[in-house]
Amino acid sequence: MENTYGCSSKTTKDVSLQEIRDRLAEFAEVRGWVQYHSPRNLLLALVGEVGELSEIFQWKGEVARGLPNWSSDDKEHLEEELSDVLLYLVQLADICGLDLGQAALTKIVKNAKKYPVMNQTST
Ligand SMILES: Nc1ccn([C@H]2C[C@H](O)[C@@H](COP(=O)(O)OP(=O)(O)OP(=O)(O)O)O2)c(=O)n1
């Protein structure tokens, strides 16, 4: 399977935010970590992971789409840091009682109204 940028992807099925949310809720529950997962703590953890994600790109200069010159280790590292950001984001939305997937779709519709497609061709 190829993604938007023509890169091969090993994805075999769509993963829902709901599945991620449920898996994370169980992960925290069985470890007794729910007490630490306040909105503020999750936000700080999220920001920390965004910092780790930024470090991967730091000092590299511009990077080509699809990361053609990156090693598989570097790509795996990027996958992990992107995942950490997603996992804390999903947990933050969940603990706030929000439906992140629906909110994101609603925001896309709002964005489309704010930034309408301009007709590029003139006849
Ligand atoms: N209280 C916690 C602690 C961790 N995690 C999960 C979410 C992240 O996916 C990952 C973060 O774990 P680490 O804090 O060990 O961070 P890293 O995986 O980035 O490790 P390192 O900082 O050593 O690179 O674990 C979590 O859900 N709740």
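Residues numbered from 1 in each chain as written. Predicted model: local features only at pLDDT ≥ 70, side-chain atom pairs only at ≥ 80, totals over all residues.

Asker: Hey, could you go over the overall build of the protein chain for me, with residue numbers and the actual values?
Answerer: For the protein chain, the helix and strand inventory stands at four helices and zero strands. Reading the protein chain from its N terminus to its C terminus gives the helix and strand order α-α-α-α. In the protein chain, which comprises 123 residues, the share counted as buried stands at 6%. Counting contacts in the protein chain only where the partners sit at least 6 residues apart, residues at least 24 apart contribute 76% of the total. (Helix = DSSP H or I, 4+ residues; strand = E, 2+ residues; numbered from the N terminus. Buried ≥ 20, exposed ≤ 12 C-beta atoms within 10 Å, placed from the backbone. Contact = placed C-beta atoms within 7 Å.)

Asker: So what's going on with the site of the ligand? Residues and values would help.
Answerer: Residues in close proximity to the ligand include Trp 33, Tyr 36, Glu 52, Asp 84, Leu 87 and Tyr 88, which together make up its full environment. Each residue belonging to the shell around the ligand can be placed in one class, and the counts come to four nonpolar, no polar and two charged. (Near = placed C-beta within 6 Å. Nonpolar A, V, L, I, M, F, W, Y, C, P; charged D, E, K, R; others polar.)

Asker: Could you give an account of the confidence of the model for the protein chain, naming the residues involved and the relevant values?
Answerer: One rule of thumb: low pLDDT means the predicted coordinates there are not for detailed reading. In the predicted model, the protein chain carries a mean pLDDT of 93, and 89% of its residues have values of at least 70. Prediction confidence for the complex, expressed as pTM and ipTM, is 0.91 and 0.96 respectively. (pLDDT = per-residue confidence, 0-100.)

Asker: Can you lay out the packing of helix 2 (residues 39–57) against helix 3 (residues 72–95) for me, pointing to particular residues and giving the numbers?
Answerer: Between helix 2 and helix 3, the shortest axis-to-axis distance is 9 Å and the interhelical angle comes to 160 degrees. The orientation of helix 2 relative to helix 3 falls into the category roughly antiparallel. The chirality of how helix 2 crosses helix 3 is left-handed. Contact with helix 2, carried on its side by Pro 39, Leu 42, Leu 43, Ala 45, Leu 46, Glu 49, Val 50, Glu 52, Leu 53 and Ile 56, involves His 77, Leu 78, Glu 81, Leu 82, Asp 84, Val 85, Tyr 88, Leu 89, Gln 91, Leu 92 and Ile 95 of helix 3 and no other residues of that element. Here the residues of the contact of helix 2 with helix 3 sort into 15 nonpolar, two polar and four charged. (Axes fitted to C-alpha atoms, helices over the stretch in contact; angles between N-to-C directions. Parallel < 35°, antiparallel > 145°, perpendicular 65-115°, else oblique. Left-handed = near helix turned anticlockwise from the far one by under 90°.)

Asker: Explain helix 2 to me, using residue names and the numbers behind them.
Answerer: Given a rise of 1.5 Å per residue, 19 residues ought to cover 27 Å, and the 28 Å separating the end C-alpha atoms of helix 2 matches this to within 8%. Following helix 2 by one or two positions, Trp 59 has its phi on the positive side, about 70 degrees. (Expected span 1.5 Å × (residues − 1).)

Asker: Which residues make up unusual backbone geometry, and what are the values?
Answerer: Non-glycine residue Trp 59 carries a positive phi angle of around 70 degrees. Inspection of the secondary structure puts Trp 59 in the loop between helix 2 and helix 3. For Trp 59, a count of 5 C-beta atoms within 10 Å gives the class exposed. In this structure, Leu 67 takes a positive phi of about 50 degrees despite not being glycine. Mapped onto the elements of the fold, Leu 67 is located in the loop between helix 2 and helix 3. For Leu 67, a count of 13 C-beta atoms within 10 Å gives the class partly exposed.

Asker: Tell me about the environment of Ala 112, and name the residues and values.
Answerer: Relative to the assigned elements, Ala 112 resides in helix 4 (residues 100–114). Judged by the 10 C-beta atoms lying within 10 Å of it, Ala 112 falls in the exposed class.

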